[in-house]
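# Structural overview
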Amino acid sequence: MANLEHDELKLIELLPLGNQQPRPAKYLAIMLDTTTRHVRLLVNHLITDHHLPIGASQHEPTGYYWITSEQERLRAMAPLSSQINKMNQRLTALSDSPLISKHEAINGDEPIKQTTLNI
């Protein structure tokens, strides 16, 4: 495994084993003397670049934890899969939507066939 930076090592040390009492991003930010945004970026980096088993609970209690079982891994992956599906639906809807002006949308007018909008 590649060498970890000081703040990455400290974050790992702060994570509880298992998902019973995850650490909120706000708590981790205070302990690391940084922002919650930076904590999220660090977690993302540790997972995607270092392939570390860090889970996130989006239901109370919310926060991050060190994954210790296959069941916890699956629980951590479920909301990500759901989010990907929702993003794919949005992407499809945007790509299939006609380009119309705000006026046409508000008034329910039929869209004018054009490739750019007159806004």
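Relevant structure appears above.
Residues numbered from 1 in each chain as written. Predicted model: local features only at pLDDT ≥ 70, side-chain atom pairs only at ≥ 80, totals over all residues. Heavy atoms only, no water.

### Examining helix α2 (residues 25-32)
Among the residues of α2, those classed as buried are Ala-25, Leu-28, Ala-29 and Leu-32. Buried residues in α2, looked at end-on, bunch into an arc of 100°, giving them a common side. Exposed residues pointing more than 90 degrees away from the buried face of α2 are listed as Lys-26 and Ile-30. Tucked into the core, α2 has its buried residues touching α1 (6-14), α3 (36-48) and β2 (63-66). Following α2 by one or two positions, Asp-33 has its phi on the positive side, about 55°. (Buried < 20%, exposed > 50% of the residue type's maximum accessible area, 1.4 Å probe, protein only. Helix = DSSP H or I, 4+ residues; strand = E, 2+ residues; numbered from the N terminus. Arc of directions from axis to C-beta. Contact = heavy atoms within 4.5 Å.)

### What to know about unusual backbone geometry
A cis geometry characterises the amide bond from Glu-60 onward to Pro-61, with omega recorded as -10°. Structurally, the position occupied by Pro-61 is in the loop between β1 (54-57) and β2. You will see that Asp-33, though not glycine, has its phi angle at about 55°, which is positive. Considering the arrangement of structural elements, one finds Asp-33 in the loop between α2 and α3. Judged by its relative accessible area of 72%, Asp-33 is exposed. Even without glycine at this site, His-51 takes up a positive phi of about 55°.

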